[in-house]
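# A structural walkthrough
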Amino acid sequence: FAALSCADVVDAVLAFGPQIELKSAIYRPGFESDALDEASCALQHAVATRRGSVECHTSMDTHLFQASRLKPFPDTVESAESVGDGQQACKARTGHLRLLVHPFKGRVAR
């Protein structure tokens, strides 16, 4: 969570099993509900306006759901005509966002 929260000020972030929405995360700080929402929104904004690259590794479990809550670009309120131009400009100034999903492999005790 901390590394992703700094995505807008660093050149690269590498996260494993990220927790994005703290209200639904398995492990979360004991803060008020509003504070959890604010922290989650701040993280999503930092990733959406990232300066460099962000790479998240996750397995196919609850962390995959959390990683799907990342926003690749900032939320904007624009007219339908300018949406394409706004997305192109945003893509030009942000680094890549990669989500790598690692499937579970069965293990047999020997």
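That block above? That's the structure.
Counting from 1, residues in each chain are numbered in the order their sequence is written. Totals for whole chains, interfaces and linings use all residues, but because this is a predicted model, local features are given only for residues with pLDDT of at least 70 and pairs of side-chain atoms are given and counted only at 80 or more. Working from all heavy atoms in the structure, the side-chain values ignore hydrogens and water.

We now examine the overall build of the protein chain. Secondary structure elements follow DSSP: runs of H or I no shorter than four residues count as helices, runs of E no shorter than two count as strands, and numbering proceeds from the N terminus. Assigned secondary structure in the protein chain consists of four helices and three strands. Helices (α) and strands (β) of the protein chain occur, in sequence order from the N terminus, as α-β-α-β-α-α-β. In the protein chain, which comprises 110 residues, the share counted as buried stands at 28%. Note on contacts: a residue pair is in contact if any heavy atoms of the two residues lie within 4.5 Å. Of the contacts formed within the protein chain by residues at least 6 apart in sequence, a portion of 74% connects residues at least 24 apart. Taken as a whole, the protein chain presents about 7300 Å² of accessible surface, with 56% of it coming from carbon and sulfur. When accessible area is computed with a 1.4 Å probe and restricted to protein chains, residues below 20% of their type maximum are described as buried, those above 50% as exposed, and intermediate ones as partly exposed. Areas reported here follow the Shrake-Rupley algorithm with a probe of radius 1.4 Å; residue values treat only the protein chains shown as occluding.

As a rule of thumb, soluble globular proteins bury nonpolar side chains together. L4, A7, V13, A15, I20, L43, V47, V54, C56 and L70 form the largest nonpolar core, which has ten residues in total. Looking at this core, the elements with two or more residues in it are β1 (12-16), α2 (33-48) and β2 (53-59). With near-sequence residues (within four places) excluded, C56 lies in contact with L4, A15, P18, L70, R98, L99 and L100. In this text, buried Ala, Val, Leu, Ile, Met, Phe, Trp, Tyr and Cys residues form a nonpolar core when linked through side-chain atoms within 4.5 Å.

So, about the sheet that holds β2. Judged by pairing direction, the sheet is parallel, and its three strands sit side by side in the order β1-β2-β3 without closing on themselves. The sheet is open, and its two borders are formed by β1 and β3 (97-102), each paired with just one other strand. The sheet shows a mean angle of 10 degrees between the axes of neighbouring strands, taken without regard to direction. Bridging between β1 and β2 involves five bridges; their strand directions are parallel. Within β2, the position partnered with L14 by the bridge is E55. Following DSSP output, two strands are said to pair if at least two bridges run between them. With axes taken as lines fitted to C-alpha atoms, and helix axes fitted only over the stretch in contact, angles between N-to-C directions fall between 0 and 180 degrees.

The element β2 is largely enclosed, with a buried count of five among its seven residues. Handedness is read with the strands pointing away from the viewer; a crossover is right-handed when the path from the first strand over the helix to the second is clockwise. One crossover worth recording links β1 to the parallel β2 by way of α2, and it is right-handed. Taken together, the six bridges between β2 and β3 define a ladder with parallel strand orientation. Across the sheet, the residue bridging to S59 is H102, located in β3.

Moving on, we come to a nonpolar patch on the surface. Patch membership requires more than 30% relative accessible area and the absence of a salt bridge. Residues of like charge join within 9 Å; the nonpolar side chains Val, Leu, Ile, Met, Phe, Trp and Tyr join within 5 Å. Definition used for salt bridges: Asp or Glu carboxyl oxygen within 4 Å of a side-chain nitrogen of Lys or Arg. A cluster of nonpolar side chains, contributed by M60, L99, V101 and F104, occupies part of the molecular surface with about 400 Å² of accessible area. On the secondary structure map, M60 appears in the loop between β2 and α3 (62-67). Judged by its relative accessible area of 49%, M60 is partly exposed.

Attention shifts here to the pattern of salt bridges. Pairs can form between side chains of opposite charge once their charged atoms are near each other. Scanning the entire structure with this criterion turns up four salt bridges. Note that E21 is salt-bridged to R69, the shortest N-O span being 3.5 Å. Placement of the pair is E21 in the loop between β1 and α2 and R69 in the loop between α3 and α4 (80-93), with a sequence separation of 48 residues. For E21, a relative accessible area of 26% gives the class partly exposed. According to the relative accessible area criterion, R69 is partly exposed, its value standing at 32%. Where E55 meets R98, a salt bridge forms, and the shortest distance between an N and an O atom there is 3.4 Å. Taken together, the residues E55 in strand β2 and R98 in strand β3 connect sequence positions 43 residues apart.

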